[in-house]
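Examining the three-dimensional arrangement
Chain by chain, the residues:
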Amino acid sequence: MSQHMRDDLFRQALGEDVQPLTKGRDKADVEHSPSAPSEAQLARRAQAEADDKESNFLSDEFVDLLGPADPIEYRRDGIQIGVLERLRHGGYAPEAYLHVQKRPLEVCRRELFRFIRDAREHDLRCVLIVHGRSKEAEGHANIVRSYVVKWLAQFDEVQAYVSAHKSHGGLGATYAMLRKSERARARNRERQQKRRG
């Protein structure tokens with residue numbers, strides 16, 4: 001296809017309402033800085049942060065540090081070992097990723113809380129938290145890693161978690177398996193009933 005034909009198709013796709021910029025208005029305006037947030041935006045941001053602080057139940061108390069080379073592994077009662085093994089080998093594709101590497105601990109706590117809450121609201125089952133790893137037990141990445149382990153256990157919806165497969169970061173990342181929501185269970189029941197006829 002020639003460049004001329006592509007240009008014509010592009011113009012057709014845009015429609016007749018799209019007009020080219022006038023001369024001199026085709027560059028970014030670097031003279032004016034972006035406007036500061038309005039009072040309403042600042043109030044909404046403050047309210048969201050206050051809501052998070054009130055509802056965030058993740059502990060910020062002392063944590064026993066993991067060994068920097070120790071793999072992570074946890075499953076709740078009733079979760080089969082096969083599920084944990086499949087999780088460990090990357091058998092469940094992560095549906096969302098959270099990167100908290102090199103972030104302050106309080107930011108990690110807040111971000112993980114929001115991330116798991118959002119994953120649950122969107123009926124995600126497997127997520128990946130990338131926290132990094134240190135060679136020393138007291139290195140920042142290992143401290144974050146140790147807190148992530150503690151925090152994940154505090155979520156009722158987290159059924160299991162384990163160090164990621166090498167392809168997803170190995171000891172520097174953790175898979176978490178979330179419980180199916182009622183909505184997801186209802187959808188599965190509907191699908192099974194349709195199959196049965």
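This report concerns the structure included in the present document. Note that the structure is a prediction, hence the values are computed from the model and not measured.

Concerning the pairing of strand 5 (residues 173-178)
- With six of its six residues buried, strand 5 lies for the most part within the structure.
- Here strand 5 shows two buried faces, one formed by Ala173, Tyr175 and Met177 and the other by Thr174, Ala176 and Leu178.
- Judged from the five bridges that link them, strand 3 (residues 126-130) and strand 5 form a sheet pairing that is antiparallel. Considered in strand 5, the bridge of valine 127 is made with alanine 176.
- Pairing of strand 4 (residues 158-163) with strand 5, which is carried by five bridges, proceeds in the antiparallel orientation. Among the inter-strand pairings, valine 162 is bridged to a residue of strand 5, identified as tyrosine 175.

Here's the deal with the nonpolar core
- Counting residues in hydrophobic clusters, the biggest one holds 26 residues, and the most contacted among them are Leu112, Ile116, Val127, Ile129, Leu152 and Val158.
- Breaking this core down by element, the ones donating at least two residues are strand 2 (96-99), helix 4 (105-121), strand 3, helix 5 (140-154), strand 4 and strand 5.
- When near neighbours in sequence (up to four residues on either side) are disregarded, isoleucine 129 contacts Leu98, Val100, Leu112, Phe115, Val148, Leu152, Gly172, Ala173, Thr174 and Ala176.
- In this structure, Ile79, Leu84, Leu87 and Met177 belong to the second largest nonpolar core, which totals 12 residues.

Quick look at helix 5
- An ideal rise of 1.5 Å per residue puts 21 Å on 15 residues; helix 5 measures up with 21 Å between its terminal C-alpha atoms.
- When helix 5 is considered as a whole, its buried residues turn out to be Ala141, Asn142, Val144, Arg145, Ser146, Tyr147, Val148, Val149, Trp151 and Leu152.
- Looking at the buried residues of helix 5, the elements they touch are helix 4, strand 3, strand 4 and strand 5.

Quick look at the sheet that holds strand 4
- Sheet architecture is open: five strands sit in the order 1-4-5-3-2, paired in mixed fashion. Across the chains shown, the open sheet's two edge strands, defined by having one partner strand only, are strand 1 (73-75) and strand 2. Pairs of neighbouring strands in the sheet enclose a mean axial angle of 20°, with direction left out of account.
- Strand contacts of helix 4: strand 2, strand 3, strand 4 and strand 5, with the helix running at about 165° to strand 3, the strand carrying the most contacts.
- In this fold helix 5 packs onto strand 3, strand 4 and strand 5, with an angle of close to 160° to the strand it touches most, strand 4.

Each value, and the rule that gives it
Residues numbered from 1 in each chain as written. Predicted model: local features only at pLDDT ≥ 70, side-chain atom pairs only at ≥ 80, totals over all residues. Heavy atoms only, no water. Buried < 20%, exposed > 50% of the residue type's maximum accessible area, 1.4 Å probe, protein only. Helix = DSSP H or I, 4+ residues; strand = E, 2+ residues; numbered from the N terminus. Pairing = 2+ DSSP bridges. Core = buried A, V, L, I, M, F, W, Y, C linked by side-chain atoms within 4.5 Å. Contact = heavy atoms within 4.5 Å. Expected span 1.5 Å × (residues − 1). Axes fitted to C-alpha atoms, helices over the stretch in contact; angles between N-to-C directions.

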